[in-house]
Number of protein chains: 6
Amino acid sequence: MANELTHLDEKGQARMVDVSAKDHTEREARAMAVINMLPQTLAMIAQGKHKKGDVLATARIAGIMAAKRTPDIIPMCHPLLLTSVKVELTPNFENNSVEIIAICKLVGQTGVEMEALTAATAAALTLYDMCKAVDKGMVIDQVQLLEKKGGKSGHWLRTGDQV
Amino acid sequence: MANELTHLDEKGQARMVDVSAKDHTEREARAMAVINMLPQTLAMIAQGKHKKGDVLATARIAGIMAAKRTPDIIPMCHPLLLTSVKVELTPNFENNSVEIIAICKLVGQTGVEMEALTAATAAALTLYDMCKAVDKGMVIDQVQLLEKKGGKSGHWLRTGDQV
Amino acid sequence: MANELTHLDEKGQARMVDVSAKDHTEREARAMAVINMLPQTLAMIAQGKHKKGDVLATARIAGIMAAKRTPDIIPMCHPLLLTSVKVELTPNFENNSVEIIAICKLVGQTGVEMEALTAATAAALTLYDMCKAVDKGMVIDQVQLLEKKGGKSGHWLRTGDQV
Amino acid sequence: MANELTHLDEKGQARMVDVSAKDHTEREARAMAVINMLPQTLAMIAQGKHKKGDVLATARIAGIMAAKRTPDIIPMCHPLLLTSVKVELTPNFENNSVEIIAICKLVGQTGVEMEALTAATAAALTLYDMCKAVDKGMVIDQVQLLEKKGGKSGHWLRTGDQV
Amino acid sequence: MANELTHLDEKGQARMVDVSAKDHTEREARAMAVINMLPQTLAMIAQGKHKKGDVLATARIAGIMAAKRTPDIIPMCHPLLLTSVKVELTPNFENNSVEIIAICKLVGQTGVEMEALTAATAAALTLYDMCKAVDKGMVIDQVQLLEKKGGKSGHWLRTGDQV
Amino acid sequence: MANELTHLDEKGQARMVDVSAKDHTEREARAMAVINMLPQTLAMIAQGKHKKGDVLATARIAGIMAAKRTPDIIPMCHPLLLTSVKVELTPNFENNSVEIIAICKLVGQTGVEMEALTAATAAALTLYDMCKAVDKGMVIDQVQLLEKKGGKSGHWLRTGDQV
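Position numbers for residues start from 1 in each chain and track the written sequence from start to end. Chain letters and ligand numbers both follow the written order, the letters beginning at A and the numbers at 1. The predicted nature of this model means local features are confined to residues of pLDDT at least 70 and side-chain atom pairs, given and counted, to a pLDDT of 80 or more, with totals for whole chains, interfaces and linings taken over all residues. As a rule here, side-chain values come from all non-hydrogen atoms in the structure, and water together with hydrogens is ignored.

Colleague: Sorry if this is basic, but what is going on with the relation of the copies chain B and chain A here?
Modeller: Relating the two copies of this chain is a rotation about some axis coupled with a shift parallel to it. Least squares is the method used to superpose the copies, on C-alpha atoms of residues holding a pLDDT of at least 70 in both. When chain B is fitted to chain A, the residual RMSD is 0.0 Å, and the transformation amounts to a turn of 180 degrees plus an axial shift of 0.0 Å. Both copies are brought into coincidence by an operation consistent with a two-fold rotation axis. If distances are taken from each C-alpha of chain B to the rotation axis, the shortest is found for Asp141(B), at 2.2 Å. Here, two residues are considered to be in contact whenever any of their heavy atoms come within 4.5 Å of each other. Taken together, the interface assignments show that 100% of the residues at the interface of chain B recur at the interface of chain A, consistent with an identical surface on both copies.

Colleague: Please clarify how the side chain of Glu113(D) should be interpreted in this entry.
Modeller: Segments assigned H or I by DSSP are reported as helices when at least four residues long, segments assigned E as strands when at least two residues long, and all are numbered from the N terminus. Secondary-structure assignment places Glu113(D) in helix α3 (residues 113–131). Exposed residues in this analysis have more than 50% of their type's maximum accessible area, buried residues have under 20%, and partly exposed residues fall in between, with area computed by a 1.4 Å probe over protein chains only. In this tally Asp and Glu are treated as negative and Lys and Arg as positive; neither His nor the chain ends contributes. In what follows, salt bridge is the name for a side-chain nitrogen of Lys or Arg lying within 4 Å of a carboxyl oxygen of Asp or Glu. Look at Glu113(D): it is buried, it has no salt bridge, and the nearest opposite charge is Lys148(D) at 4.5 Å. Each residue touching Glu113(D), except ones within four places of it in the same chain, is listed here: Lys132(C), Lys136(C), Ala29(D), Leu145(D) and Lys148(D).

Colleague: Sorry if this is basic, but what is going on with the arrangement of the chains here?
Modeller: When C-alpha atoms are compared, chain B and chain D, though not in contact, are closest at a spacing of 9 Å. What separates chain C from chain F at the closest point of their C-alpha atoms is a distance of 9 Å, and the two make no contact.

Colleague: Please clarify how the pattern of salt bridges should be interpreted in this entry.
Modeller: Proximity of charged atoms lets side chains of opposite charge pair with each other. Counted under the stated rule, the structure contains 47 salt bridges over all chains. Between Asp72(D) and Arg69(D) there is a salt bridge, and its shortest N-O distance comes to 3.3 Å. Of this pair, Asp72(D) and Arg69(D) both sit in helix α2 (residues 55–73), separated by three residues, roughly a single helical turn. The pair Asp72(D) / Arg69(D) is uniform in exposure class, with both members buried. Beyond isolated ion pairs, a larger network of salt bridges with shared partners links Arg69(A), Asp72(A), Arg69(B), Asp72(B), Arg69(C), Asp72(C), Arg69(D), Asp72(D), Arg69(E), Asp72(E), Arg69(F) and Asp72(F).

Colleague: Before we go on, may I ask you to explain the relation of the copies chain C and chain B in this structure?
Modeller: For the pair chain C and chain B, the relating rotation is 120 degrees, the translation along its axis is 0.0 Å, and the fit reaches an RMSD of 0.0 Å. With respect to symmetry, the two chain copies, as superposed, fit the operation of a three-fold axis. When the interface residues of chain C are mapped onto chain B, a mere 12% of them again lie at the interface, so each copy presents a different face.

Colleague: In this structure, what is going on with the interface of chain C and chain B? I would like to understand it.
Modeller: Many authors give the size of an interface as the accessible area that is lost as the parts come together. Opposite the 17 residues of chain C that make contact, chain B presents 22 residues. Between chain C and chain B, the buried area comes to about 1600 Å², and carbon and sulfur atoms account for 55% of it. Two parts placed together each lose some accessible area under a 1.4 Å probe, and adding up what both lose gives the buried area. Summed over the three residues of chain C that lose the most area to chain B, namely Lys68(C), Leu81(C) and Thr83(C), the buried surface amounts to 33% of that side. Here chain C and chain B share three salt bridges between them. The residue Glu88(C) makes a salt bridge to Lys11(B) at a minimum N-O spacing of 3.4 Å. Polar contact is the term for a pair of N or O atoms within 3.5 Å; when the atoms are in protein, one must be able to donate a hydrogen and the other to accept it, and sequence-neighboring residues count only if both atoms are side-chain atoms. Connecting chain C to chain B are ten residue pairs in polar contact (both at pLDDT 80 or more). Counting residues per element, the ones that place at least two in the side of chain C that touches chain B are α2 (55–73), β2 (82–92) and β3 (97–108) of chain C. Under the scheme applied, nonpolar residues are Ala, Val, Leu, Ile, Met, Phe, Trp, Tyr, Cys and Pro; charged residues are Asp, Glu, Lys and Arg; polar residues are all the others, including Gly. Of the residues in the side of chain C that touches chain B, the class split is eight nonpolar, two polar and seven charged.

Colleague: Would you mind showing me how to read the environment of His7(F) here?
Modeller: Residue position: His7(F) is located in the segment before β1 (25–36). Distance from His7(F) to Met76(F), taken between C-alpha atoms, is 7.2 Å for residues 69 residues apart in sequence. Beyond its immediate chain neighbours, meaning those up to four positions away, His7(F) contacts Asp129(E), Met130(E), Lys132(E), Gln13(F), Ala14(F), Arg15(F), Val17(F) and Met76(F).

Colleague: Would you explain the confidence of the model for chain A in this entry?
Modeller: When pLDDT is low, close inspection of the predicted coordinates is not appropriate. Per residue, pLDDT measures the predictor's confidence, with a range of 0 to 100. The predicted model of chain A averages 92 in pLDDT, with 93% of residues at 70 or higher. Across the predicted assembly, pTM comes out at 0.96 and ipTM at 0.96.

Colleague: It is not clear to me how the environment of Leu117(F) should be interpreted in this structure. Could you clarify?
Modeller: Within the secondary structure, Leu117(F) sits in helix α3 (residues 113–131). With a relative accessible area of 1%, Leu117(F) lands in the buried category. Residues Leu117(F) and Asn92(F), spaced 25 residues apart in sequence, show a C-alpha to C-alpha distance of 20 Å. In this structure Leu117(F) touches Leu125(E), Tyr128(E), Ala31(F), Val143(F), Gln144(F) and Leu145(F), once residues within four positions along its chain are discounted.

Encoded structure:
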């Protein structure tokens, strides 16, 4: 990896990095987030009377829409043309949590890590919003990049060695 | 707390909850997020040659601006008139992390928990973005509400008993 | 009703009407839209293998979110604080259509007719988008205000006498 | 046409369709909307004292701007780079209506049907907003795609056989 | 006036100032901008073949819409509920310029100076955009607050003594 | 230069110009703005107790983010994929002003003059906002394009001959 913060110039001032000379390549990023909750909250979302309810659908759609808003939210992100966004939410009854995976793709000059992270986070925040009337103590955890493909820096896969 | 997901109607369909009859009261919410990183990444942000750099300022501003965008990002959130937003970022050299606290205030009919959580999260994501060239393995953790004041449900303070 | 286009000044120039002196009253608007489609398209949405699918949920959420974006889309609309938004989508198998009803509420100085109309329309356009791969000929019809309560002009209910 | 709703995955969950492998081709879409009104409303817009007024201009500009906001409004729409947007509004004194045609172009991987439909609809809603003080009964009708060129599915032209 | 930059805390960090305790009062701000151009550019806008053209209308509408977007553009601005926005554009043939006046009103807890300045500026930038094909040298000047009413700091009127 | 306002059609109606047939070339624009203030205001920003404060950082970030919002603010601007944005703010103690330079780059079909002008202006407005509590009389001046490269019209450099 680089040993410089590329989003700062030599004076330490923020800038949108110049990617004009970068190749247009196919890029993909996969990120995750987990939201932990009370068992009864998970039960309300995933089974019982609201089984067919809109909770997971709302979070999924929020994640997809947030991916598109990433350059509005993250100041130094380039605007870009996402070619694919998927957000999967999987209830985990052992851990009383919902696990969220977001996958973004692009053919372009910059990576889509921030888009995938933003999608996963927005989906998790939306779950919090939908359930906060019954469980204000929910905690979002493990928001992290899992894998990244394409671009000059190539393939990156999370291993046990990272933070 | 309620024992119903208020954001769903009796058919399980998402709705923006009707708050027309709620009082306009002063409300406040305090939320946090933590971003864990390599020691050398933290050093780059917080000391050394980029000491005066824009990294923390950019994250702080991103958090404040994201608080205002909450109803655009979280589908069932009401639009509201934030009267105060503060985002504090504190490097923690023992844990190799930056701790983020966001505080939002409002005089209105709905709480500002989602605004505070969105602000903290956006600040954390912005730190990730600013540093990802040197440390893709950073992990955002402990995104949670710490305290909430005002409104019908009254005071709520995180204790050890929650998730 | 008025006999002047209030959104134009005496020179015919567009303006955002001054509502500073208007009372804060509870207001409500109900609007509809219909989207007509092939029988097999309706079947795909409402029954059969995608019965549990996200099509109607996506349209419902799009409508709710679009209501909040109304002042960004309709140039002379005032920003306002919606206190409630509901969007109902009902398949009509006799007419091969989906009927959409949107209800918006507010305690404020301006009506919410545009918000209800925008919500109904965005839900209809989203249905078009979700189904256009199988049915490009769908037609959106009958986008209209059904009822309006509150404000100086008072109650208005669609009757057979209007356009 | 396809016999599947491409915006849903095999589980019926909404996704932004993956267009990464699609060719960049020139694409064009033409859509329409009609807004029906009282004769005196049409007269106010199109002739008489407000002949030079901003009503039609405001609707035209709203349509053009809304075309650019399409991916913010329609959840599964890809962000894209419109290369041309035109919105034409034509008063029809026989039918007491204004007919709206929107044409969008793009060189890219996805079609621009939704952009053209969104532009036509936003222009119609803006006309409603500008005139609602004098005519709340206006009805928007015939929101539909007229023609589509380019892309893998090729040329599509509305005929009498559709819905 | 204050002798402190209220948008910074005691550590020099940006914040959205806390206005929770401020009164809701009627507030108004009037701001201006001037755009200077070649005589033939002004002639194209204001007379001759494009006399009925949309140039001034587009700039006026852009100004009104930008006023509503102010909290999205200016990081520390509070979201607020504008009750009135007017933008006037007056060709000045002596100075080869267009003079722009924007007036914003609100009943609320914060002033609307930034909204009026943003409206005037956006209108001027839009004129630049509409005419840049024929006159890239246009210069925007004298962007300034003219008057401010309401709020704790009371009436402020530009005099010859300011910058 | 052209002798027509390209953003109007033959009837004088606004349109987003068709650039479908234009080449994708590297383009760059450099624009400036100046904000004049009282000496003590400049001192507060640039030296003394707030030397390390966020004022200039906030303005810089606002400028970069506004560049990305240009097509939302300027009605006829095409959406585009900025590949680089830089905003420099330089205190000028002789003139009691801050000089702002914004540079935008793109590989695409349209120029980025409006993005550079919008970035410079938003940075200037943000400085106004951050300092208005102490100096309401600040004036923004000399908002202008300095240089433009790339595209069919080629190189353009401001000289003494323009407005």
